Amino acid sequence: METIHVDVKNVLNTVSLDTINSLDAKAASAMEKLHNGTGAGNDFLGWLNLPSSTTAEVLDEIEQAAAVLRANCEYVVCIGIGGSYLGAKAVIEALSDSFAAYKPAKGPKVLFAGQNIGEDYLYELQSLLKDKKFGIIVISKSGTTTEPAIAFRILKEMLEKQAGKAEAAKLTIAITDAKKGALRTLATEEGYKTFVIPDNVGGRFSVLTPVGLLPIAVAGLDIKQLVAGAAAMETATATDDNIAITYAKTRNALYQAGKKIEILVNYNPKLHYVSEWWKQLYGESEGKEHKGIFPASVDNSTDLHSMGQWIQDGERSIFETVISVAKQQHETIIPTDDANLDGLNFLAGKHVDEVNKMAELGTTIAHVDGDVPNIHITIPALTEFWLGQLLYFFEKACGVSGYILGVNPFNQPGVEAYKRNMFALLDKPGYEAESKAIREKINK
Ligand code: PA5
């Protein structure tokens, strides 16, 4: 049967199976904490049963809201940062035509804003949207995050000027906390359609809530299949021995053996943002108390020509986790060339993916020989169903892995530090003491 596989044979030069399995008791305890809610951060376990508890009615409501935007907009701008944008971006990039931005489409083009504070980015976005029919999905769990709030303020004003206040309200959907936060208050006052981010689901675990599902549906993708895939993985990883536990134990064993950096590797350019999503998931969940594997990523074979040297020959503190897509969606065959000046006729008639797979295998062998342990994850194809499985697999493994590591995987106390300094430097009311202190520090 087709399924997602996790193969750890290429780590065994560094850590033995016995070493990996010495983490069995910790993994069992992690599973107990997740399933019975007895661990740190247990008020943020809503993601665990989200796929199986998401009803057809909920998905219908999301699809109906998406249909309104699809029918009325040339562009839909998703405003959010971190967990409030990376899941949607990852799925849309993975499942869309690589050149969708340059091709005519049946529905609106989905754009992102509020994930940076780029003045030129926002200027150029506005110049694209000028006199165009556009809608906004504004996403913020707290409702107070600066980056999306700035972008929303700018685009809200623009939409109201272009479409009129009443129409703008119809074309704006807010996804936020059920009751609290500035965005909830604004949405109520303006009469926006809203969706709720459940209290017990943190940002980086929210891709299977409306946070991810609404933008994904607006992009014309099948959210029911995505959730069905996740639900299948929810069942598959509820057992005592499953691939999420294997991955969690193996990466912790490697970490304990001195492999402090994990590089998520893909051989498919569509997976770039899956890696970005994964980096937030693991970085924010595990990087605390001066512990945690540093999550990095490369897109191969592109990055073999930039990072390949370091990975093959640099400090031996890394391991790789490869996501390999077994079957491609389309066929491209390498042609014969009579002149054969490039000497590539030995590849004529082959699928491009056959070459890619040999690049992957050759690289894996070279890296393993070079003391870079390799975890190999195979996903049958890039479809909604399999991607749903992959996302949930990584979420479940993250919860198990964080508890094995001995941290609370569901908080993120470290992300507040930059915000305090930024507000102090910008003289935000209420930050007077911090403003004074930070200026003294700078001027010392
Ligand atoms: O994972 C997290 O909790 C964070 O990355 C948040 O998703 C991010 O900071 C955005 O927060 P909010 O949705 O409250 O605007």
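Residues numbered from 1 in each chain as written. Predicted model: local features only at pLDDT ≥ 70, side-chain atom pairs only at ≥ 80, totals over all residues. Heavy atoms only, no water.

K.L.:
What exactly am I supposed to notice about the sheet that holds strand β7 (residues 261-266) here?
P.N.:
Within a sheet, each strand pairs with its neighbour through backbone hydrogen bonds, oriented either parallel or antiparallel. One open sheet holds the five strands; their spatial order is β1-β10-β9-β7-β8, and the pairing between them is mixed. Since the sheet does not close on itself, it has two edges, and those belong to β1 (5-7) and β8 (294-299), each with one partner. Taking the axes of each pair of neighbouring strands and ignoring which way they run, one obtains an average angle of 20 degrees across the sheet. As paired elements, β7 and β8 share six bridges and run parallel to each other. In the sheet register, V265 faces β8, and the bridge partner there is V298. (Pairing = 2+ DSSP bridges. Helix = DSSP H or I, 4+ residues; strand = E, 2+ residues; numbered from the N terminus. Axes fitted to C-alpha atoms, helices over the stretch in contact; angles between N-to-C directions.)

K.L.:
How should I be thinking about the packing of aromatic side chains in this particular structure?
P.N.:
Where two aromatic rings form a pair, the distance of their centres and the angle of their planes describe that pair. Overall, the coordinates contain 15 aromatic pairs when judged by the stated rule. Each ring, one from Y282 and one from F394, has its centre 6.3 Å from the other, and the planes form 85 degrees; the classification is edge-to-face. Of this pair, Y282 sits in helix α13 (residues 272-286) while F394 sits in helix α16 (residues 384-405), and the two are 112 residues apart along the sequence. F394 carries the same exposure label as Y282, and that label is buried. Seen in terms of ring centroids, F385 and W386 are 5.2 Å apart; in terms of plane orientation they differ by 80 degrees. Their pairing is edge-to-face. One aromatic cluster is present, built from ring pairs that chain together W47, F205, Y392, Y403 and F410. The ring of F195 has K193 lying over it, and the distance from NZ or CZ to the ring centre is 4.8 Å. Its end group placed over the ring of F423, K428 keeps NZ or CZ at 4.1 Å from the ring centre. (Phe/Tyr/Trp six-rings, centres within 6.5 Å; stacked < 30°, edge-to-face > 60°. Buried < 20%, exposed > 50% of the residue type's maximum accessible area, 1.4 Å probe, protein only. Lys NZ or Arg CZ within 6 Å of the ring centre and 35° of its normal.)

K.L.:
I would appreciate a short explanation of the state of the cysteines in the present structure.
P.N.:
Note on terminology: disulfide describes a covalent bond linking the sulfur atoms of two cysteines. Applying the stated criterion across every chain yields a total of zero disulfides. Unpaired in this structure, C78 has its nearest cysteine sulfur neighbour in C73, at a distance of 11 Å. (Disulfide = S-S within 2.5 Å.)

K.L.:
Before we go on, may I ask you to explain the site of the ligand in this structure?
P.N.:
Near the ligand you find 13 residues, and of these S84, S140, T145, Q280 and E284 are the closest. In the environment of the ligand, an oxygen atom lies 2.6 Å from a nitrogen or oxygen atom belonging to the side chain of S84. One of the side-chain nitrogen or oxygen atoms of E284 is found 2.6 Å away from an oxygen atom of the ligand. In isolation the ligand exposes 380 Å². Once the protein is present, 87% of that is buried. (Near = heavy atom within 4 Å. Polar contact = N/O pair within 3.5 Å; in protein donor to acceptor, adjacent residues only side chain to side chain. Areas by Shrake-Rupley, 256 points an atom, 1.4 Å probe, with all protein chains shown as cover.)

K.L.:
When you look at the sheet that holds strand β4 (residues 134-140) in this model, what are you seeing that I'm missing?
P.N.:
Sheet architecture is open: five strands sit in the order β3-β2-β4-β5-β6, paired in parallel fashion. With one partner strand each, in any of the chains shown, β3 (109-113) and β6 (193-196) form the two edges of the open sheet. With strand direction ignored, the average angle separating the axes of adjacent strands in the sheet is 20 degrees. Bridge count for strand β2 (residues 75-79) against β3 is five bridges, and the pairing is parallel. Bridging across to β3, C78 finds its partner in F112. Packing of helix α7 (residues 146-163) onto the sheet brings it into contact with β2, β3, β4 and β5 (172-176), and relative to β4 it is tilted by some 155 degrees. (Contact = heavy atoms within 4.5 Å.)

K.L.:
Where do I start with the nonpolar core in this structure?
P.N.:
Within soluble globular proteins, side chains that are nonpolar generally end up buried alongside one another. Grouped together as the largest cluster of nonpolar side chains are 116 residues, with contacts concentrated most on L214, L390 and F394. The element contributing the most residues to this core is α16, with 13 residues. Excluding anything up to four places from it in sequence, L390 contacts I4, V274, I323, I377 and I379. In terms of nonpolar packing, the next biggest core, distinct from the first, is built from nine residues, V265, V298, I311 and V322 among them. (Core = buried A, V, L, I, M, F, W, Y, C linked by side-chain atoms within 4.5 Å.)

K.L.:
Would you mind showing me how to read helix α15 (residues 352-369) here?
P.N.:
Because an α-helix packs 3.6 residues into every turn, residues spaced three or four apart end up facing the same way. With 18 residues, α15 extends 26 Å from end C-alpha to end C-alpha; this agrees with the ideal 26 Å at 1.5 Å per step. Along α15, the residues that are buried comprise D353, E360, T363, T364, H367 and V368. Projection of α15 onto a plane perpendicular to its axis shows the buried side chains occupying an angular sector of 125 degrees, all on one side. Of the residues in α15, the exposed ones pointing more than 90 degrees away from the buried face are M358 and D369. Check the buried side of α15 and you find it contacts α14 (308-313), β9 (318-327) and β10 (374-381). One or two positions beyond α15, positive phi appears at D371, with a value near 70 degrees. (Expected span 1.5 Å × (residues − 1). Arc of directions from axis to C-beta.)

K.L.:
What is the right way to look at the packing of helix α5 (residues 86-95) against α16 in this model?
P.N.:
Helix-helix packing is described using two parameters, namely the angle between the two axes and the distance between the axes. Orientation of α5 relative to α16, taken along the N-to-C sense of each, is 145 degrees, at an axis distance of 11 Å. Where α5 crosses over α16, the two elements pack in a sense that is right-handed. Every residue of α16 that contacts α5 at V91, A94 and L95 is listed here: E384, L387 and L391. Considered class by class, the residues forming the contact of α5 with α16 number five nonpolar, no polar and one charged. (Left-handed = near helix turned anticlockwise from the far one by under 90°. Nonpolar A, V, L, I, M, F, W, Y, C, P; charged D, E, K, R; others polar.)

By themselves these figures say nothing about function.
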